[in-house]
Amino acid sequence: MRMRMVCGIAALGLAAFLTACAADPGTGREVVATVNGAPIVRAELERAMNTARAGVAAANGGAIPADRLRAEGLALAVREKVLRLWAREEGLIEDVGEAAFAADLAAENRRREQARASGRPLPGVPSYDVHTFAGLRAAELRKALADRLDLPAERVRAHYAELVERASGETPSFAAAEQRVRLSLAEREITLELDRRVRAAEVGQAPP
């Protein structure tokens, strides 16, 4: 996936970029890149690199080249940030920063701990780690964006026809499958729009 990579200094301005990159060194909150002016901090990059690690190893015979891991991790971090920026445009969230994400994670884990202590544990895991929670939040944002799509009936029917053409064996009628077909189309449309936004994003990198 091609992204327009621009100098971070140009994206933020020299003083702002140097200030941001110097903030809280060693804590995971220093800025390592920007996406349309929104910072990606080291904690976000490291989380994305951890997600990318298995794929990088598989593609390199078990080896994990540091430059490849960083590149793949940055691509994932950019995609997640673009998704959050899109969600903010739609009024689904207010803050796209890592501090807000960490606060949400802590609040959710407190809620689960309190429910468990009261004898009414919530469904799912006792608590979330950062990787699981990031995946959950991304899925929730994608669903919320998909729910806002206005999909004309003719497009849903056309998508059903595509699915039937690719299917093997007996397929359900359109009436029986309409809701699943609509969800499938919405997911595809969200992916295509997210891809477009990622390609158009202005990404600036600090030195590694």
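In case you missed it, the structure is sitting above this.
Residues numbered from 1 in each chain as written. Predicted model: local features only at pLDDT ≥ 70, side-chain atom pairs only at ≥ 80, totals over all residues. Heavy atoms only, no water.

Trainee: An account of the pairing of strand S2 (residues 31-35) is requested, with residue identities and associated values reported.
Mentor: The element S2 is largely enclosed, with a buried count of five among its five residues. Note that S2 and strand S3 (residues 38-41) share four bridges and pair antiparallel. Considered in S3, the bridge of Ala33 is made with Ile40. Between S2 and S3, which pair antiparallel and follow one another directly, the connecting turn spans two residues, one of which, Asn36, has a positive phi of 50 degrees. Here S2 pairs with strand S4 (residues 202-205) via three bridges, running antiparallel. Residue Val35 lies in a different strand from S4, and its bridge partner there is Val203. (Buried < 20%, exposed > 50% of the residue type's maximum accessible area, 1.4 Å probe, protein only. Helix = DSSP H or I, 4+ residues; strand = E, 2+ residues; numbered from the N terminus. Pairing = 2+ DSSP bridges.)

Trainee: Lay out the pattern of salt bridges in plain terms, naming residues and giving numbers.
Mentor: In the structure shown here, the tally under the stated rule is 23 salt bridges. Notably, a salt bridge pairs Arg84 with Glu44, separated by 4.0 Å at the nearest N-O pair. With Arg84 in helix H4 (residues 66-89) and Glu44 in helix H3 (residues 42-59), the pair connects residues that are 40 residues apart, well separated along the chain. Of the two residues, Arg84 and Glu44, neither departs from the other in class, the shared state being buried. Its salt-bridge partner being Arg188, residue Glu189 comes within 4.0 Å of it at the nearest N-O pair. A network of salt bridges, in which partner residues are shared, links Glu44, Arg47, Glu80, Lys81, Arg84 and Glu98. (Salt bridge = Lys/Arg side-chain N within 4 Å of Asp/Glu carboxyl O.)

Trainee: An account of helix H5 (residues 98-117) is requested, with residue identities and associated values reported.
Mentor: Its 20 residues place the ends of H5 28 Å apart at the C-alpha level, agreeing with the 28 Å of an ideal helix rising 1.5 Å per residue. Of the residues one or two after H5, Gly119 is the one with positive phi, at around 85 degrees. (Expected span 1.5 Å × (residues − 1).)

Trainee: Describe the packing of H3 against H4, naming the residues involved and giving the relevant values.
Mentor: With their axes 7 Å apart at the nearest point, H3 and H4 run at an angle of 120 degrees to one another. As summarised for this structure, H3 and H4 are arranged oblique, according to the angle between their axes. Handedness of the H3/H4 crossing: right-handed. Seen from H3, the contacting residues are Arg42, Glu44, Leu45, Arg47, Ala48, Met49, Thr51, Ala52, Arg53 and Val56; seen from H4, they are Arg68, Leu69, Arg70, Glu72, Gly73, Leu74, Leu76, Ala77, Glu80, Lys81 and Arg84. (Axes fitted to C-alpha atoms, helices over the stretch in contact; angles between N-to-C directions. Parallel < 35°, antiparallel > 145°, perpendicular 65-115°, else oblique. Left-handed = near helix turned anticlockwise from the far one by under 90°. Contact = heavy atoms within 4.5 Å.)

Trainee: How would you sum up unusual backbone geometry? Please name residues and give values.
Mentor: Glycine aside, residues mostly have negative phi angles, and peptide bonds mostly take the trans form. Unlike most non-glycine residues, Asn36 shows phi in positive territory, near 50 degrees. Structurally, Asn36 can be placed in the loop between S2 and S3. Relative accessible area serves as the criterion here: at 48%, Asn36 is assigned to the partly exposed category.

Trainee: If you had to explain the packing of aromatic side chains to someone new, which residues and values would you point to?
Mentor: Summed over the entire model, instances satisfying the criterion amount to three aromatic pairs. With a centroid separation of 5.7 Å and 50 degrees between ring planes, the pair formed by Tyr128 and Phe133 is classed as tilted. Of the two residues, Tyr128 and Phe133, neither departs from the other in class, the shared state being buried. Of the aromatic side chains, those joined through ring pairs into one cluster are Phe101, Tyr128 and Phe133. (Phe/Tyr/Trp six-rings, centres within 6.5 Å; stacked < 30°, edge-to-face > 60°.)

Trainee: An account of the nonpolar core is requested, with residue identities and associated values reported.
Mentor: Val35, Ile40, Val78 and Val82 are the most contacted members of the largest nonpolar core, which totals 36 residues. Elements that contribute at least two residues to this core include exactly S2, S3, H3, H4, helix H6 (130-147), helix H7 (153-166) and helix H8 (174-200). Counting residues in each nonpolar core, the second largest holds five residues, with Phe101, Leu105, Tyr128 and Phe133 among its members. (Core = buried A, V, L, I, M, F, W, Y, C linked by side-chain atoms within 4.5 Å.)

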